[in-house]
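# Architecture at a glance
The chain contents come next:
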Amino acid sequence: MIKHYILNLNPTAKHEWDRCILRDPLTAKRPEFAKLIAEAVGADTGSYLVSVNIEIQVLEEAAVPQAEQLSLPFTEVNISTSMREAA
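Residues numbered from 1 in each chain as written. Predicted model: local features only at pLDDT ≥ 70, side-chain atom pairs only at ≥ 80, totals over all residues. Heavy atoms only, no water.

### Quick word on the overall build of the protein chain
Across its full length, the protein chain holds 2 helices and 2 strands. Counting over 87 residues, the protein chain shows a buried share of 5%. Long-range contacts, defined here as pairs at least 24 residues apart, represent 17% of the contacts in the protein chain between residues at least 6 apart. Looking at the protein chain as shown, the accessible area adds up to about 9,200 Å², and 55% of this sits on carbon and sulfur atoms. (Helix = DSSP H or I, 4+ residues; strand = E, 2+ residues; numbered from the N terminus. Buried < 20%, exposed > 50% of the residue type's maximum accessible area, 1.4 Å probe, protein only. Contact = heavy atoms within 4.5 Å. Areas by Shrake-Rupley, 256 points an atom, 1.4 Å probe, with all protein chains shown as cover.)

As structure tokens, then:
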């Protein structure tokens, strides 16, 4: 069974639990590994010795956008004197 997750690393996060977040790409929920393993084992009651193999392969890296200041070009507008007087 292959599952895909989005890993978000932020070493400067305010809280420890926000520094490394693993989420489902469709639901944005954090994965419940015990539930995933139980689904793979089956529904029979019992205790199981399981082997879990985690293989990590980076499929795509999205760079964090840097805060940038946008400059919007403003064109000068000449307001006629009659419009100034009306205002």
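### Some thoughts on the confidence of the model for the protein chain
For the protein chain, the mean per-residue pLDDT works out to 80, and 75% of the residues sit at or above 70. Within the protein chain, no element has a lower average pLDDT than helix H2 (residues 81-86), which sits at 54, and none a higher one than strand S2 (residues 20-23), at 91. (pLDDT = per-residue confidence, 0-100.)

### What to know about the pattern of salt bridges
Enumeration according to the criterion identifies 1 salt bridge in this entry. When the shortest N-O distance is used, the salt bridge between Arg19 and Glu16 registers 2.8 Å. Arg19 sits in the partly exposed class, given a relative accessible area of 31%. (Salt bridge = Lys/Arg side-chain N within 4 Å of Asp/Glu carboxyl O.)

### Structural notes on the environment of Leu36
The residue Leu36 is located in helix H1 (residues 33-41) in this model. Overall, Leu36 belongs to the buried group, its relative accessible area being 17%. Separated by 33 residues in the primary sequence, Leu36 and Lys3 place their C-alpha atoms 9.7 Å from one another. Leaving out residues up to four positions away in the same chain, Leu36 has contacts with Met1, Lys3 and Tyr5.

### Some words on unusual backbone geometry
With phi around 65 degrees, Ala28 is a residue other than glycine that occupies positive phi space. Assignment of secondary structure puts Ala28 in the loop between S2 and H1.

### A closer look at the packing of aromatic side chains
Using the criterion set out here, one finds 1 aromatic pair in the structure. Residues Tyr5 and Phe33 carry aromatic rings whose centres are separated by 6.1 Å and whose planes lie at 65 degrees to one another, so their mutual orientation is edge-to-face. Taken together, the positions of Tyr5 in the segment before strand S1 (6-9) and Phe33 in helix H1 put the pair 28 residues apart, joining distant regions of the chain. When its relative accessible area of 26% is taken as the criterion, Tyr5 is described as partly exposed. Among the residues examined, Phe33 registers a relative accessible area of 43% and is labelled partly exposed. (Phe/Tyr/Trp six-rings, centres within 6.5 Å; stacked < 30°, edge-to-face > 60°.)

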